Number of protein chains: 2
Amino acid sequence: MEVKNKYIVIKHHFEDAPKEANFELKTGTIALSVAPGSDDIIVKNLYISIDPYQINRMKLSSSSQGTSSFAAPINPGEAIDGAVIGKVVASGNAKFQKDDLVLGVFTWAQYSLVKEGSILRKLESSEFPLSYYLGVLGFNGLSAYAGFFELCKPLKGEKVFVSAAGGAVGNLVGQYAKLLGCYVVGCAGTQKKVELLKKELGFDEAFNYKEEKDLNYALKRYFPDGIDVYFDNVGGETLEAAVANMRIFGRVAVCGVISEYNSAGRKASPNMLDIVYKRISIRGFLAADFLNVFEEFFSKTLDYLRTGELKTIEDISSGVESIPSAFVGLFKGDNIGKKVISLAED
Amino acid sequence: MEVKNKYIVIKHHFEDAPKEANFELKTGTIALSVAPGSDDIIVKNLYISIDPYQINRMKLSSSSQGTSSFAAPINPGEAIDGAVIGKVVASGNAKFQKDDLVLGVFTWAQYSLVKEGSILRKLESSEFPLSYYLGVLGFNGLSAYAGFFELCKPLKGEKVFVSAAGGAVGNLVGQYAKLLGCYVVGCAGTQKKVELLKKELGFDEAFNYKEEKDLNYALKRYFPDGIDVYFDNVGGETLEAAVANMRIFGRVAVCGVISEYNSAGRKASPNMLDIVYKRISIRGFLAADFLNVFEEFFSKTLDYLRTGELKTIEDISSGVESIPSAFVGLFKGDNIGKKVISLAED
């Protein structure tokens, strides 16, 4: 049986801030069965993760960071791959059966034709919504957990600053830091997010960076004794201001640099004298390097979700058609928490 | 008995490249005996260490990095303190006797009046020149050793890049890296230094950065497979080029950023996307944080000096009067190896 399959492509590479016009909705067809002897797997996609890092794969220059599959170039006209949760509708591979729920690297489409290697794992039926496995219980959660605990080695009572704290990773970093007993300040781009951070997620303080004339001064206000740990999601002048306000032996984990993802972004020039004299470390990381702590992260995070100590913030749009605006919205700060596309209930 | 005592001061704070006119030779008097009951110590200075970091203490803005004694502001008109080797001529402190050789933080002067706390240690009579205790067997050596081995955790066979490789620290980093079995490339600012690195110190390659139009391209030439470890003494565009050429999990130890020490210096904007995707770490450090490995550093380095596996490059000027030109020369690349002022033989 063949069905229509809507999917999203980029029309061309681009270096500037993304626009919906950079994307195109296409419709193909896909067979919902596999040929005898084939090891193909057909997946009906249920939830698609929308992540800012994908923009780096949409640039002409994307191959310059070609040291990770997270940087593999996306070709115009071809289906875009990313983190997806789906349900197996047909399988030529004995390891996967019809109706298995699977998490993997599939396409921004209604259905995906995949091989075993694209499937990261099977999901057991869950006490939490399936979308959680893309966010708080998935790579965003692992990024927050590993970047904070493994790279920054935070101590109880230390002062922690998180940028893009209303985003998928940032909000979790702040919550983990509070659970450890740190003083936590987040910045975000709307008053609504600021209120959420302070009133719902337990941040000690939060501020709207768009309302600050001088980020350096803003950070001095919230950290009169300096910052021990900065979890960076944005780069640019926020990184500069954080370094200027860091204490000795301060640690910066660089998870993302969304303000530098397009060609117009101001590039960070942190004060190197501060880095030397305050013995600051700045480290980039990818969650994929920390699969060794996945089980620890997953079981602790499940526990926190069960007790309600960790809150989940999701921002869900419906349908393949909504992907371009959802993706573009990430760079305008439209999303609150994890951005997910819901395609089907099952 | 009172004698004349020549010493060097700064006339005023300055932010630009240093000029000899920023300094002034003064002459005071000093008693070569101590009053009964005083715990003063009078030191005749034999060798004075001339180090680039001191310029940061001569700026109006020096207090902004006020998190280390290495950043304590120098006041115009007052004697400048720095690493010195001297001989005790009189002592009211029972721990120090006349004729003891001492290493400490004394003044850029012929004689210094000091307290016990300014003396780091006594030197036993040495098989090597006393000046070595300011360089290869002192803080420069410890900077090279700890920055390379402790921060960068290098492995045999890794590819190492060193900037200011003809300087007091850089030449030692390269030699330590060769002794470990790394591939080592250094950059310097004159052809003479480049020849020294390749022919005398065993660097695999060296180049004159002033003759390169594009440092990024130069590094691609010497590191076609990328850089594992970059020991940074200069900052600026060299740091940017190194980051662009780094391999995954590359490590940068920032010992100094001489190209950014004056207000005209171009500030480094390393590509943050490289830092994330290649999981690069950039860490500033001070040798003083690694006193725990001093004995290990010292005994290994003594052994290397005895066998001739490590060579010592010194650049010695004579007399207090030569301090301003020696210091200014550091920023013009005049010195080859460790810059020392010799004041007296004993």
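Residues numbered from 1 in each chain as written. Chains lettered and ligands numbered in written order. Predicted model: local features only at pLDDT ≥ 70, side-chain atom pairs only at ≥ 80, totals over all residues. Heavy atoms only, no water.

Engineer: In this structure, what is going on with the overall build of chain A? I would like to understand it.
Structural biologist: A count of helical and extended segments in chain A gives eight helices and 15 strands. In summary, chain A has a C-alpha radius of gyration of 21 Å against a globular reference of 20 Å for 346 residues, a match within 12%. In chain A, which comprises 346 residues, the share counted as buried stands at 58%. For chain A, contacts bridging at least 24 residues in sequence account for 68% of all contacts bridging at least 6. (Helix = DSSP H or I, 4+ residues; strand = E, 2+ residues; numbered from the N terminus. Rg over C-alpha atoms; globule rule 2.2 N^0.38 Å. Buried < 20%, exposed > 50% of the residue type's maximum accessible area, 1.4 Å probe, protein only. Contact = heavy atoms within 4.5 Å.)

Engineer: Sorry, what's going on with the domain arrangement of chain A here?
Structural biologist: Many descriptions give the size of an interface as the accessible area lost when the pieces come together. All names here are of chain A. Each assigned domain of chain A is listed with its residue range as follows: domain 1 (2-134 + 313-342) and domain 2 (139-288). Taking only C-alpha atoms into account, the centre of domain 1 sits 29 Å from that of domain 2. Here domain 1 meets domain 2 over a buried area of about 1,400 Å², counting both sides, of which 61% is carbon and sulfur. Scanning the region where domain 1 abuts domain 2 turns up zero salt bridges. Run the count over domain 1 and domain 2 and you get five residue pairs in polar contact (both at pLDDT 80 or more). (Domains from an automatic or database assignment. Buried area = accessible area lost by both parts, 1.4 Å probe. Salt bridge = Lys/Arg side-chain N within 4 Å of Asp/Glu carboxyl O. Polar contact = N/O pair within 3.5 Å; in protein donor to acceptor, adjacent residues only side chain to side chain.)

Engineer: Sorry, what's going on with helix α8 (residues 323-330) of chain B here?
Structural biologist: Helical geometry note: an α-helix holds 3.6 residues per turn, so side chains three or four residues apart project in the same direction. Residue and element names in this part refer to chain B. Of all eight residues that make up α8, seven are buried, and the element is covered over most of its length. Within the sequence span of α8, burial applies to Ile323, Pro324, Ala326, Phe327, Val328, Gly329 and Leu330. The inward-facing, buried residues of α8 abut β1 (2-10), β2 (23-31), β3 (41-49), β14 (314-318) and β15 (338-342).

Engineer: What is the right way to read the packing of aromatic side chains from this model?
Structural biologist: Aromatic ring pairs: the centre-centre distance and the angle between the two ring planes describe each pair. Tallied over the full model, the rule gives 40 aromatic pairs over all chains. Relative to Tyr222 of chain A, the ring of Phe207 of chain A lies with its centre 5.1 Å away and its plane at 10 degrees, an arrangement referred to as stacked. With Phe207 of chain A in strand β10 (residues 205-208) and Tyr222 of chain A in helix α4 (residues 215-222), this residue pair connects regions lying 15 residues apart in the sequence. The same class applies to Phe207 of chain A and to Tyr222 of chain A, which are both buried. Measuring from centroid to centroid gives 5.3 Å for Phe327 of chain B and Phe331 of chain B, while their planes differ by 65 degrees, and the two rings are edge-to-face. Here Phe327 of chain B falls in the buried class, since its relative accessible area comes to 0%. An aromatic cluster is built from Tyr133, Tyr145, Phe148, Phe149, Tyr176, Phe294, Phe297 and Phe298 of chain A, whose rings are joined through pairwise contacts. Over the ring of Phe298 of chain A we find Arg121 of chain A; its NZ or CZ atom is 5.1 Å from the centre of that ring. (Phe/Tyr/Trp six-rings, centres within 6.5 Å; stacked < 30°, edge-to-face > 60°. Lys NZ or Arg CZ within 6 Å of the ring centre and 35° of its normal.)

Engineer: How do you make sense of the side chain of Asp228 of chain A when you look at a structure like this?
Structural biologist: All names here are of chain A. Relative to the helices and strands, Asp228 is located in strand β11 (residues 227-232). Judged by its relative accessible area of 7%, Asp228 falls in the buried class. A distance of 2.9 Å separates a polar side-chain atom of Asp228 from the backbone nitrogen of Lys159. Each residue touching Asp228, except ones within four places of it in the same chain, is listed here: Glu158, Lys159, Met246, Arg247, Gly250 and Arg251.

Engineer: Would you mind showing me how to read the relation of the copies chain B and chain A here?
Structural biologist: The two chain copies are related to each other by a rotation about an axis together with a translation along it. It takes a turn of 180 degrees to lay chain B on chain A, together with a shift of 0.0 Å along the axis; the resulting RMSD is 0.1 Å. Taken together, these values place the two copies in the relation of a two-fold axis. When the interface residues of chain B are mapped onto chain A, 100% of them are again interface residues, pointing to one common binding face. (Least-squares fit on C-alpha atoms with pLDDT ≥ 70 in both.)

Engineer: What is the right way to read the environment of Leu305 of chain A from this model?
Structural biologist: All names here are of chain A. Its place among the elements puts Leu305 in helix α7 (residues 294-307). Assessed through its relative accessible area of 10%, Leu305 is described here as buried. On a C-alpha basis, the gap between Leu305 and Leu196 in space is 18 Å, while along the polypeptide they are 109 residues apart. Apart from residues lying up to four places away in sequence, Leu305 is in contact with Phe128, Tyr132, Val136, Leu137, Leu310 and Thr312.

Engineer: What's the story with the interface of chain B and chain A in this structure? I'm lost.
Structural biologist: Counting residues at the interface gives 39 residues for chain B, matched by 40 residues for chain A. In this assembly, chain B packs against chain A so that about 3,000 Å² is buried in total across both faces, 63% of it on carbon and sulfur atoms. Across the chain B-chain A interface, the total number found is two salt bridges. For the salt bridge of Asp289 of chain A with Arg279 of chain B, the shortest nitrogen-to-oxygen distance reads 2.7 Å. At the boundary of chain B and chain A, one finds ten residue pairs in polar contact (both at pLDDT 80 or more). The set of elements that each furnish at least two residues to the side of chain B that touches chain A consists of β12 (246-254), α6 (272-277) and β13 (281-284) of chain B.

Engineer: Help me understand the pattern of salt bridges in this model?
Structural biologist: It is possible for side chains bearing opposite charge to pair when their charged atoms get close. Applying the stated criterion across every chain, the model contains 40 salt bridges over all chains. Of the charged contacts in the structure, one is a salt bridge between Asp81 of chain B and Arg57 of chain B, with a shortest N-O distance of 2.8 Å. Of this pair, Asp81 of chain B sits in strand β4 (residues 81-91) while Arg57 of chain B sits in the loop between β3 and β4, and the two are 24 residues apart along the sequence. Classification of Asp81 of chain B as partly exposed rests on a relative accessible area of 28%. Counted as one network, the salt bridges with shared partners bring together Asp39, Asp40 and Lys115 of chain A.

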